[in-house]
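Summary of the model geometry
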Amino acid sequence: MANQAIGVIFSNIHDDNIPELAHHRTMASIPYGGRYRLIDFALSNMVNSGITTVGIVTKNNYQSLIDHIGSGKDWDLARKDGGIILLPPYSDENDALYTNRLEALKGVTGFLKRRKEEYVVLSDCDAIARVDIADVVRFHEEKHSDITMVCHEEKGEYQSAYFMTIDPDANGRVKGIKINPTLKANDKYHLYVNIMVLNREYLINLIQDAVTRGLSSFGRNILTQHLDTIKVYAYQFKGYFAGINSLEKYYQHSMELLDSNVRSELFGARDIYTKIRDSAPSKYTDNAVVKNSLISDGCVIDGTVENCILFRGVNVGKGSVVKNSIIMQDTVIGSDVQLDCVITDKNAVIRTGRHLAGCETLPYFISKGRMI
């Protein structure tokens, strides 16, 4: 069961997919949905399934991640034994930064050896989904699997620097894995969502064997080439899934949160935990008009906001019209501003009278702390 598992979360693996938002932070700490960070979904999935020890593999730009996680108390992970453990970003004893997943795993072998739990759950931070990890572990046990990969049925093109599709048989046994295949508009496929369950000792042996043989890729050298000898099974996840692999997809999936059905599925049955902040309620003046938007605490709205996500502390000036946009924490929008399909990072300032617009496939992005 999941209480016999530990979690390992990779915080930096996909930073290159969305450099606009990962320039000053890890992929794990990218803000999402008005009050969350991407790591909140991976962490909450584990905590809700009874996992009480989670190692977070860092690499660089992780100050905001540390600020967000703190002691782990907001996820009930401030514990004497286990809890949240930040793992060093080194690939070997020479203190070299890891360059791939296999090197990152090699660097945390000591952490894995010190634990006593039977299973390890590996997760990245690029997936927005509410996955029952306990059910994945049960599936892993029932199939007597060596490796269980969580996948989601998708249709159409998929663009990312690195991704895998899985070909399972009727029993769920994986017979083929493709890395970065060319996908067409009508193609249906099982996308690996970067969540995996393994037996802890089996994972340690895999890592040590890969090191002795000089292997460099967990996907290419271990998974794809040994499906005949390794029992790999695919767990079919059927709920809402959003893969964040570009600024366009970040915008698209963020806007999906304005659909109450998506919000209900993602946040309904089990909580998605995040850092708690004590903020004043948002203030709406007599001039405020708000339609179909998510408004976080501490905002002051003196204009029109429509189809938007506003993070904490956003200020919208008098006469301004903000539509179809994602405005991050403590951004100040002056008077008589018009924004459409805009993403601002934290602490941006948009001065009076500015008119800025992008489109759904290419939102206009304003970097952290910039004044326009």
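A short tour of the structure in this document, coming up. (Residues numbered from 1 in each chain as written. Predicted model: local features only at pLDDT ≥ 70, side-chain atom pairs only at ≥ 80, totals over all residues. Heavy atoms only, no water.)

1. Quick word on the environment of Val322
If you trace the backbone, Val322 turns up in strand β21 (residues 321-323). Sequence separation between Val322 and Asn307 is 15 residues, and the spatial gap between their C-alpha atoms is 8.4 Å. In this view, Val322 contacts Thr304, Val305, Glu306, Cys308, Val316, Ile327, Ile333 and Leu339; residues no more than four positions away in its chain are not counted. (Helix = DSSP H or I, 4+ residues; strand = E, 2+ residues; numbered from the N terminus. Contact = heavy atoms within 4.5 Å.)

2. Comments concerning the pattern of salt bridges
In this structure the tally under the stated criterion is eight salt bridges. For Glu117, the salt bridge goes to Arg115, with nearest N and O atoms at 3.0 Å. In terms of burial, Glu117 and Arg115 fall into one category: buried. In the salt-bridge network here, residues are joined through shared partners; they are Asp81, Arg115 and Glu117. (Salt bridge = Lys/Arg side-chain N within 4 Å of Asp/Glu carboxyl O. Buried < 20%, exposed > 50% of the residue type's maximum accessible area, 1.4 Å probe, protein only.)

3. Quick word on the sheet that holds strand β18 (residues 304-306)
With parallel pairing, the five strands of this open sheet are ordered in space as β15-β18-β21-β24-β27. Single-partner strands in this sheet number two, and they are β15 (289-291) and β27 (355-357). Ignoring strand direction, the axes of neighbouring strands in this sheet form an average angle of 5 degrees. Alignment of strand β24 (residues 338-340) against β27, held across three bridges, turns out to be parallel. By the bridge assignment, Asp340 is partnered in β27 with Ala357. (Pairing = 2+ DSSP bridges. Axes fitted to C-alpha atoms, helices over the stretch in contact; angles between N-to-C directions.)

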